Amino acid sequence: MSNEPVNNGRRRFLTAATAVVGGVGVVGAAVPFIASWNPSARAKAAGAPVEVNVGKIQPGQLIRAEWRGKPVYVVRRTEKTVNDLAKHDDQLRDPNSEKAQQPAYATNAYRSIKPEFLVALGVCTHLGCAPTHHGGDFAEFVEGVPNGFYCPCHGSKFDMAGRVFQGVPAPLNLVVPEHSFTSDDILLIGVGQGDA
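These figures come from a predicted structure and were not determined experimentally. (Residues numbered from 1 in each chain as written. Predicted model: local features only at pLDDT ≥ 70, side-chain atom pairs only at ≥ 80, totals over all residues. Heavy atoms only, no water.)

Student: Mind showing me how you'd approach the overall build of the protein chain here?
Tutor: The secondary structure content of the protein chain amounts to three helices and nine strands. Going residue by residue from the N terminus, the α and β elements of the protein chain occur as α-α-β-β-β-α-β-β-β-β-β-β. For 196 residues, the compact-globule formula gives about 16 Å, and the C-alpha radius of gyration of the protein chain, at 29 Å, lies well above that figure. When the backbone C-alpha atoms are referred to their principal axes, the protein chain occupies close to 110 × 35 × 25 Å. Buried residues in the protein chain amount to 36% of all 196 residues. Restricting the contact set of the protein chain to residue pairs at least 6 apart, pairs at least 24 apart contribute 56%. Total accessible area on the protein chain stands at roughly 11400 Å², and carbon and sulfur atoms take up 55% of it. Separation of charge centres in the protein chain, based on 19 positive and 18 negative side chains, amounts to 12 Å. (Helix = DSSP H or I, 4+ residues; strand = E, 2+ residues; numbered from the N terminus. Rg over C-alpha atoms; globule rule 2.2 N^0.38 Å. Buried < 20%, exposed > 50% of the residue type's maximum accessible area, 1.4 Å probe, protein only. Contact = heavy atoms within 4.5 Å. Areas by Shrake-Rupley, 256 points an atom, 1.4 Å probe, with all protein chains shown as cover. Lys, Arg positive; Asp, Glu negative; His and termini not counted. Charge placed at Lys NZ, Arg CZ, Asp CG, Glu CD.)

Quick look at the structure:
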């Protein structure tokens, strides 16, 4: 042991430097740990709204989008299709959409915000299969109805408003997701009309 006097300045410097290095180490370890609590980008994207450009959809055409891992059918209905929707109400299980399968603003004869556009989940309400769109040849499934959706798994049939026909396994109309129009050509799926 040395008999030299203690250098307090050096002792304070070493104590402060050790504290600073330890503090940096704690922060360096804490940041990734705390960041791991946040949802992943994949989880955030799974519930995120989806934009669809509907300006280029031709009358009678269907396009598919994906929202929350499910297919969403967007159909631009022709004027004749819109006018014909009421002609087969007597063949439908829930023609007035009384069972809540759509937002309040889509509880109308068209089940949509704009009559020319149908926005519906492409998932059959029976067992979750994907109904296929039949434009012009649906009459082979339902007499006198030229357009609609047919589920090949168990034979459920839906009209161009996503309403289910009577006598098929599907118990409910197709689900209409929350959606809104941010402009004439941009459809936002996942955000309701009053929320946009």
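Student: Any chance you could explain the sheet that holds strand β2 (residues 62-67) here in plain terms?
Tutor: Strand pairs in the sheet, formed through backbone hydrogen bonds, run parallel or antiparallel to each other. Across the sheet, which stays open at both edges, the three strands sit in the order β2-β3-β4 with antiparallel pairing between neighbours. The strands lining the two open edges of the sheet, one partner per strand, are β2 and β4 (117-121). With direction set aside, neighbouring strand axes in the sheet form an average angle of 25 degrees. Here strand β3 (residues 70-76) runs beside β4; their pairing, made up of five bridges, is antiparallel. Bridging from a neighbouring strand, V72 pairs with L121 of β4. (Pairing = 2+ DSSP bridges. Axes fitted to C-alpha atoms, helices over the stretch in contact; angles between N-to-C directions.)

Student: Where do I start with the sheet that holds strand β1 (residues 50-53) in this structure?
Tutor: Sheet architecture is open: three strands sit in the order β1-β9-β8, paired in antiparallel fashion. Strands at the two margins of the open sheet, each flanked by one partner only, are β1 and β8 (179-181). Averaged over all adjacent pairs, the angle separating strand axes in this sheet is 25 degrees, with direction ignored.

Student: Any chance you could explain the environment of L174 here in plain terms?
Tutor: The topology assignment puts L174 in the loop between β7 (157-158) and β8. It is 6.3 Å that separates the C-alpha atoms of L174 and T125, two residues lying 49 residues apart in sequence. Contacts of L174, omitting those with residues within four sequence positions, involve Q101, R111, A120, L121, V123, C124, T125, P131, F149, F158 and G162.

Student: What exactly am I supposed to notice about unusual backbone geometry here?
Tutor: For residues that are not glycine, phi is negative in most cases, and the peptide bond is trans in most cases. One non-glycine residue, R68, adopts positive backbone phi at about 55 degrees. Looking at the secondary structure, you find R68 in the loop between β2 and β3.

Student: I'm lost on the packing of aromatic side chains in this one. Help?
Tutor: The description of two aromatic rings rests on the distance between their centres and on the angle between their planes. A complete count under the given rule lists five aromatic pairs for this structure. A ring pair is formed by Y73 and F149, whose centres lie 5.6 Å apart and whose planes are at 15 degrees; its orientation type is stacked. Of this pair, Y73 sits in strand β3 while F149 sits in strand β6 (residues 147-150); the two residues are 76 residues apart in sequence, bridging distant segments of the chain. Overall, F149 belongs to the buried group, its relative accessible area being 0%. Relative to F181, the ring of F117 has its centre 5.7 Å away and its plane inclined at 45 degrees; by these criteria the two rings are tilted. (Phe/Tyr/Trp six-rings, centres within 6.5 Å; stacked < 30°, edge-to-face > 60°.)

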